[in-house]
Structures are given as structure tokens and as C-alpha cells.
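Examination of the molecular architecture
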Protein chains: 2
Amino acid sequence: MFYMIGLGLGDAKDITVKGLEAVRRCSRVYLEAYTSVLTVGKEVLEEFYERKLILADREEVEQEADNILKDADISDVAFLVVGDPFGATTHSALILRATKLGIPYRVIHNASIMNAVGCCGLQLYKFGETVSIVFWTDTWKPESFFDRVKKNRQNGTHTLCLLDIKVKEQSVENLIRGRKIYEPPRYMSVNQAAQQLLEIVQNQRIRGEEPAVTEETLCVGLARVGAEDQKIAAGTLQQMSTVDLGGPLHSLIITGGSLHPLEMEMLSLFTIPENSSESQRTGGP
Amino acid sequence: MFYMIGLGLGDAKDITVKGLEAVRRCSRVYLEAYTSVLTVGKEVLEEFYERKLILADREEVEQEADNILKDADISDVAFLVVGDPFGATTHSALILRATKLGIPYRVIHNASIMNAVGCCGLQLYKFGETVSIVFWTDTWKPESFFDRVKKNRQNGTHTLCLLDIKVKEQSVENLIRGRKIYEPPRYMSVNQAAQQLLEIVQNQRIRGEEPAVTEETLCVGLARVGAEDQKIAAGTLQQMSTVDLGGPLHSLIITGGSLHPLEMEMLSLFTIPENSSESQRTGGP
């Protein structure tokens, strides 16, 4: 059996009882290590799961799926994913490959950022399409995702922005020279995302467009959702560019305009105090 | 501490290890019993959790929150929710009440239908606003949710339809006579939802409107997501009105038009064979 097991969002104990039992039955256990991270490292997971974990990067999952699936028809193999297994499209490809090879599979679900963002009080059913915000470079500053934010806001729906993760990236120099030397991982912060968004707003004004979002648009920054030291801050997009939410992972929500009174009241638990860019009331997990 | 703990979607073992440890620390444990159900009953949960569960219906949660929260500042109290705690708005109200009473709270997340629907292969980030489809009566046949389906389809996003659950409902007669006698629980099936949708399509045609959805629109029916006997069927809305997915809970997805090749390929695993209204290939969990 090939198991795709969600690990949830916090630490080793966020796996489900069913997931843990499956992991401990498996002869090989892979840990997907490029779409998200937990607050604890591989060693902590290995100790708790009582299994050695094989780190699987994007290359391996996308190009060497058959290695991962090897013998899963005669023994049990697990593929662990932070959050829920269907957060990333590459995982669907693994299921399709397993099916083609005649290997039975089982999915053990868990919380992912897609549903856990509900903890800020915004109602999940009122979210529109999700967008990803990538790190800009000097020469590549994509703005196209902003159209979807606009549509969501026109429909009165919130936008969850998933923020970029760069793991196992090579510098241009190392890439050219074919050196397998990787840069340290980078995780986009709410500050960085907000700064890029503010730049898009400016660009739209320069082009004479009416921006769907302004400096004053109500946003919610979330950090380490599901972990003990989770932080949530509600404030304007401008405030998001300076609020201190601590370490990764971060996510950003752009609200959809009119809020339900219950949403307003929940967000008020996390409102950034005026005249404060450093400290803010933040919610416990 | 007041714990809000998600139970996931399948059975007793879909709770997280962290959630189980918290439950076993608590002096009082409530089970929210009106927005969703697991495939196992209260007794099975009690045996596995090693705790007596107090069933909490909508009335109690909404009107007697203070009873639930009583002494949670000096002892540990848990409130268990099928899926994730933030699936329903009433649970935000409990958090707000706890905060007002100065009671610290902790949320332990889990999978919910909002993210677990990804198992059918449709990409989660491409879902628009979620809608609820309620049981029609002879005199009340709301169609307003259909506007949101229309908007989603115009934007090329999928619509997750949450199907009605009637728990602890009184007949009109018993309501009038003040008799606390309750009807057996009812869970809307994909068939029933599709039949109501088909009627809306007909009504729109009669009114001369161009329906956003037709008999031929590609839909996905899901039953008991996350359970061992999960079933998924992909086909037209017309097919959804007769496909047999077995017992509750059911959910329905109306696709958003153009699909990614990977979405198409995943759905093909679950396609209802032609000339078959009874049997279909359905996916393992």
C-alpha cells in the first residue's frame, strides 16, 4: 500500500493517530521537503515516528516517482506531506503514477493552511480563489495574480495568499557552473508580501488604473498557524509591511470588503494597536 | 484551558496525537453534534478517547456557551468538532465568549471537507466561494446560492456545495404543540442536491435566463471523504442525480469549466462509466 499522509501544520504530534499507525507499519517513509515546513526538524519527527525519514525534494518527486513507489504493491510505503497531501499538485501526479502501476493507495488527511486559516475568524466559505505570491527578482516582478485578488474583492470574497518558499535553490553562478551547491532556504514574510503588493498598487496608479486594493485595505497576517507560538495580526496592508510576526511560515489574507459582524469581532482580537509597528496583540493558537 | 479540537473526517483514529492527548487531560469533553458526523458513533469515540462525551446540540452551543466554558479557567475542557473547529461560524462565537470571560483557549486543527475535497484531484486553490444547499420544502425552495455558483463559473473556479444536515429537527406539529420529539436525522445526498439543481436550471430556462450550469456540467460527487469506504464519482450533473454513493455524508462539486490536464487525469480515475446509473468506478480513500 502507498500511503499519502498529511502531517498537519505544527510539530510531530500533529499527525493523526491513524497516520502514525500507518507510518510505523511502513518499510520506507519519505518526507516531502519543498512545499512547506513544520516547526520541528526531521530528527524530531524520526524520533517520534520511530522511523528513518528519506527527504524527497521536488526533483525526486517529479522525476523519480517510480523510486518512491518501488515495491509499494508488496510492502507499505509512506509519503509524508506537511499539511494535507493535496495541497500541492505534484502529489496528484504521484497518485496517478501509483494507479498506473497498479499500486493501491490510501490518503490520510490532515489540516492544511487552506482550512486552518479559519482560526483568524474569517469565514472559510467566503474565500475566493487562492493566490501565490512569489519572490520578486530585479528582472522578474509578476503582477498577474493581482487580477484574481481583484475578482475576489469584486465578489466580496477573501483572498488567501500563499507566500513563496525557496528550498534547494541554486545561485545563477552555481547553476551555470553545474555545481550542486544550494542557497539557504528562504521563506517569504508577510512584510515582504505586503511590500510587493504596495508596489503593485503604486504601479497600477502610475498606469492610471483603479487599484482593487489600497494601503488601507484590511488584511490579516498569520504566522506558524497551528503551532504553540502562532501569531495573527489584523490591520491595513500598510501595517502588514512592518508588523513583526516572527519566523516562518507566513500567510497573508486580503479581506473581501464587507465583513460579517462575527468576522469583525474575531478580527478585533488580533488588531494591531495604533501607533505601533513593532508590538501587536496576537492570538494564541 | 478551553480546547477546540478537530476530529477529522473518518473515525475515532482521525484525531491528531496532540488532540488525543489534550482530550485525555480534560475533565469535561463536549462533542458538537449538529454540523457534521463521523462514520462511528459516540460510544466508539468514548472508548478510544477514554472519556465520557457530552453531546452538545446547536441550542446548547448557541445559548448555553457559559455552561460549556464553566471552570475552563481552572480546569481543562474540550469541545470536539468533526472536521476542523472553524468549519462552522457558531464555533467562532464560543472563542469570543471564552475570550470575554478571560479563559485561555487553544485550537487543535484537523482536516475538514474544505481541504479534504482535494482528494478528487481538483486543485484546491481553484475553488471559489463555497455554497450550502438546503433541503427544499413544498413552500421554501431557495435558489439564491445559485448566483455564487454562476460567479464562480464565470471566474473559472470550482464550487464546493455543502449539503444540508437536519439533526434534532421537530415536525411542525410537534413544534406547535411544544413537544420535544425530534425527527430522525436527515443528510442530503448528492442525488437530492443534483435534483434540486436540475430544477433550478429548468426554472431559469422558463424565466428566459441563460443557466450558468446545465445537465451536462461536469460535477464530482463525494461520499464519506476520509473514511475507508470513501466514494468519488465524476460525471455530468444529470448523472449526479442517479449515481449511488451510499450513506452520508455527501458533498458535491460543480467544476469551474476549463480544467488543468492533471485535474482531468485525476477525475478520469472516478468517471462514471457510460450507460450506467447504478455502478461506477469509485476511488479508494
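Residues numbered from 1 in each chain as written. Chains lettered and ligands numbered in written order. Predicted model: local features only at pLDDT ≥ 70, side-chain atom pairs only at ≥ 80, totals over all residues. Heavy atoms only, no water.

**Section: the sheet that holds strand E5 (residues 105-108) of chain B**
The strands making up a sheet associate through hydrogen bonds between their backbones, and the pairing can be parallel or antiparallel. Residue and element names in this part refer to chain B. In space, the five strands of this open sheet follow the order E3-E2-E4-E1-E5, with parallel pairing throughout. The open sheet has two edge strands with one neighbour each: strand E3 (54-56) and E5. Put simply, the sheet's adjacent strands are angled 25° from each other on average, direction ignored. Sheet topology places strand E2 (residues 28-32) next to E3; three bridges connect them, and they run parallel. Within the sheet, the bridge partner assigned to Leu31 lies in E3 and is Leu55. Across the sheet, helix H1 (residues 17-25) is in contact with strand E1 (2-6), E2, strand E4 (77-81) and E5; its angle to E1 comes to roughly 140°. (Pairing = 2+ DSSP bridges. Helix = DSSP H or I, 4+ residues; strand = E, 2+ residues; numbered from the N terminus. Axes fitted to C-alpha atoms, helices over the stretch in contact; angles between N-to-C directions. Contact = heavy atoms within 4.5 Å.)

**As for the relation of the copies chain B and chain A**
The two copies are related by a screw operation: chain B maps onto chain A through 180° of rotation and 0.0 Å of translation along the axis, at an RMSD of 0.0 Å. Look at the turn and shift together and you get a two-fold axis relating the two. Of all interface residues in chain B, 100% are interface residues in chain A too; the two copies therefore contact each other through one and the same surface. (Least-squares fit on C-alpha atoms with pLDDT ≥ 70 in both.)

**Looking at the UniProt feature "binding site: S-adenosyl-L-methionine" (unreviewed entry) in chain A**
Residues and elements named next belong to chain A. UniProt annotation of "binding site: S-adenosyl-L-methionine" (unreviewed entry) refers to Leu9, Asp84, Gly87, Ser112, Ile113, Leu163, Val225 and His250 when read in the numbering used here. You can see Leu163 is positioned in strand E7 (residues 159-163). Judged by its relative accessible area of 11%, Leu163 is buried. If near-sequence neighbours (up to four positions away) are discounted, Leu163 is found in contact with Ile133, Met188, Ser189, Val190, Ala193, His250, Ser251 and Leu252. The buried category is assigned to His250, whose relative accessible area is 9%. Every residue in contact with His250, bar those within four places of it in the chain, is listed here: Leu163, Met188, Ser189, Val190, Leu222, Ala223, Arg224 and Leu245. A polar side-chain atom of His250 sits 3.0 Å from the main-chain amide nitrogen of Val190. (UniProt positions renumbered as here; feature names shortened; annotations may be inferred. Buried < 20%, exposed > 50% of the residue type's maximum accessible area, 1.4 Å probe, protein only. Polar contact = N/O pair within 3.5 Å; in protein donor to acceptor, adjacent residues only side chain to side chain.)

**Let's talk about the UniProt feature "domain: Tetrapyrrole methylase" (unreviewed entry) in chain A**
UniProt records the feature "domain: Tetrapyrrole methylase" (unreviewed entry) at residues 1-239 of chain A, using the numbering of this structure. End C-alpha atoms of residues 1-239 of chain A are separated by 49 Å, and the span's content is 33% helix alongside 19% strand.

**Quick look at the pairing of strand E1 (residues 2-6) of chain A**
Residue and element names in this part refer to chain A. Of all five residues making up E1, five are buried, and the element is well covered by its neighbours. By the alternation rule, side chains of E1 split into Phe2, Met4 and Gly6 and Tyr3 and Ile5, which are all buried. Here five bridges tie E1 to strand E4 (residues 77-81), and the two strands are oriented parallel to one another. Across the sheet, Met4 pairs through a bridge with Phe79, a residue of E4.

**So, the domain arrangement of chain A**
Residues and elements named next belong to chain A. Domains assigned within chain A are domain 1 (2-111) and domain 2 (114-269). A straight line from the C-alpha centre of domain 1 to that of domain 2 covers 27 Å. Roughly 820 Å² is buried in total at the junction of domain 1 and domain 2, and carbon and sulfur atoms are behind 60% of that figure. At the boundary of domain 1 with domain 2, the tally comes to two salt bridges. Connecting domain 1 to domain 2 are one residue pair in polar contact (both at pLDDT 80 or more). A per-class count over the side of domain 1 that touches domain 2 returns five nonpolar, four polar and three charged. (Domains from an automatic or database assignment. Buried area = accessible area lost by both parts, 1.4 Å probe. Salt bridge = Lys/Arg side-chain N within 4 Å of Asp/Glu carboxyl O. Nonpolar A, V, L, I, M, F, W, Y, C, P; charged D, E, K, R; others polar.)

**What about helix H7 (residues 146-154) of chain B?**
All names here are of chain B. Looking at H7, one finds that the buried residues are Phe146, Val149 and Asn152. Buried residues of H7, seen end-on, are gathered within an arc of 115° and therefore sit on one face of the element. Among the structural elements, strand E6 (131-133), strand E7 (159-163), helix H9 (190-206) and strand E12 (250-254) are those in contact with the buried residues of H7. Positive phi shows up at Gly156, right after H7, with a value of about 75°. (Arc of directions from axis to C-beta.)

**Overview of the interface of chain B and chain A**
Between chain B and chain A, the residue contacts involve 53 residues of the former and 53 residues of the latter. Roughly 4700 Å² is buried in total at the junction of chain B and chain A, and carbon and sulfur atoms are behind 59% of that figure. Linking chain B with chain A are ten salt bridges, by the criterion used here. For Lys18(B), the salt bridge goes to Asp14(A), with nearest N and O atoms at 2.9 Å. The tally of links from chain B across to chain A stands at 23 residue pairs in polar contact (both at pLDDT 80 or more).

**A word on the environment of Val172(B)**
Residue and element names in this part refer to chain B. Note on placement: Val172 falls in helix H8 (residues 172-176). We classify Val172 as exposed; its relative accessible area is 60%. The sequence separation of Val172 and Glu210 amounts to 38 residues, and the corresponding C-alpha distance is 37 Å.

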